[in-house]
Amino acid sequence: PEGFERWLATNVYRQRQPGYAVATVALPLGDLSSDQARGLAEIGRRWVGGAIRTTVEQNIVLRWVPEGDLPGLYADLAAIGLAAPLDALLEQAAP
């Protein structure tokens, strides 16, 4: 999907456990709509067994994502407007 490679480079890192990755969902200022929250809950159930973690940076982390599922996860996040690359948030925050 369009934008996937950039998102993969900025929002995803491999776990120590082979074959799994951690994906960060960037939330500008920690905000998301109620529709996005419901969509994110469904994404959590579909891709990571319902486990969603928050970060001190007010983002969301999805752990234990099978690496082969990353394109599908990205497509689902993009469909609810939550596939922004982390570097885009940094660019927005810069003065």
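Before going into details, it helps to say that this report is about the structure given with it. (Residues numbered from 1 in each chain as written. Predicted model: local features only at pLDDT ≥ 70, side-chain atom pairs only at ≥ 80, totals over all residues. Heavy atoms only, no water.)

## Remarks on helix H1 (residues 4-11)
Stage number 1. Where H1 is concerned, the buried positions are Phe4, Trp7 and Asn11. Down the axis of H1, the sector holding all buried residues measures 65 degrees, keeping them to one side. Turned more than 90 degrees away from the buried face of H1 sit Glu5 and Ala9, all of them exposed. (Buried < 20%, exposed > 50% of the residue type's maximum accessible area, 1.4 Å probe, protein only. Helix = DSSP H or I, 4+ residues; strand = E, 2+ residues; numbered from the N terminus. Arc of directions from axis to C-beta.)

## Notes on the packing of aromatic side chains
Stage number 1. This structure, assessed with the given rule, holds four aromatic pairs.
Stage number 2. Ring plane angle 70 degrees and centroid distance 5.7 Å describe the contact between Phe4 and Tyr74, whose orientation is recorded as edge-to-face. Of this pair, Phe4 sits in helix H1 while Tyr74 is found in helix H3 (residues 70-79), placing the two residues 70 residues apart along the sequence.
Stage number 3. Joined through ring pairs, the aromatic side chains of Phe4, Trp7 and Tyr74 make up one cluster. (Phe/Tyr/Trp six-rings, centres within 6.5 Å; stacked < 30°, edge-to-face > 60°.)

## Quick look at the packing of H1 against H3
Stage number 1. Contact geometry for H1 and H3: axes closest at 11 Å, N-to-C directions at 100 degrees. In this view, H1 runs roughly perpendicular relative to H3, as classed from their interaxial angle. Contacts between H1 and H3 pair Phe4, Trp7 and Leu8 from the former with Leu70, Pro71, Leu73, Tyr74 and Leu77 from the latter.
Stage number 2. For the contact of H1 with H3, the residue count by class is eight nonpolar, no polar and no charged. (Axes fitted to C-alpha atoms, helices over the stretch in contact; angles between N-to-C directions. Parallel < 35°, antiparallel > 145°, perpendicular 65-115°, else oblique. Contact = heavy atoms within 4.5 Å. Nonpolar A, V, L, I, M, F, W, Y, C, P; charged D, E, K, R; others polar.)

## With respect to the pattern of salt bridges
Stage number 1. Counted according to the given criterion, the structure contains five salt bridges.
Stage number 2. Close ionic contact of Arg6 with Asp87 constitutes a salt bridge, the shortest N to O distance being 3.0 Å. With Arg6 in helix H1 and Asp87 in helix H4 (residues 86-93), this residue pair connects regions lying 81 residues apart in the sequence.
Stage number 3. In this structure Arg6 comes out as partly exposed when scored by relative accessible area, which is 39%.
Stage number 4. Asp87 sits in the partly exposed class, given a relative accessible area of 27%.
Stage number 5. In this structure, Arg46 engages Asp76 in a salt bridge whose closest nitrogen and oxygen atoms are separated by 3.0 Å. Here Arg46 is found in helix H2 (residues 34-48), whereas its partner Asp76 is found in helix H3, with 30 residues between them in sequence.
Stage number 6. Owing to a relative accessible area of 54%, Arg46 belongs among the exposed residues under this scheme. (Salt bridge = Lys/Arg side-chain N within 4 Å of Asp/Glu carboxyl O.)

Structural measurements only, silent on function.
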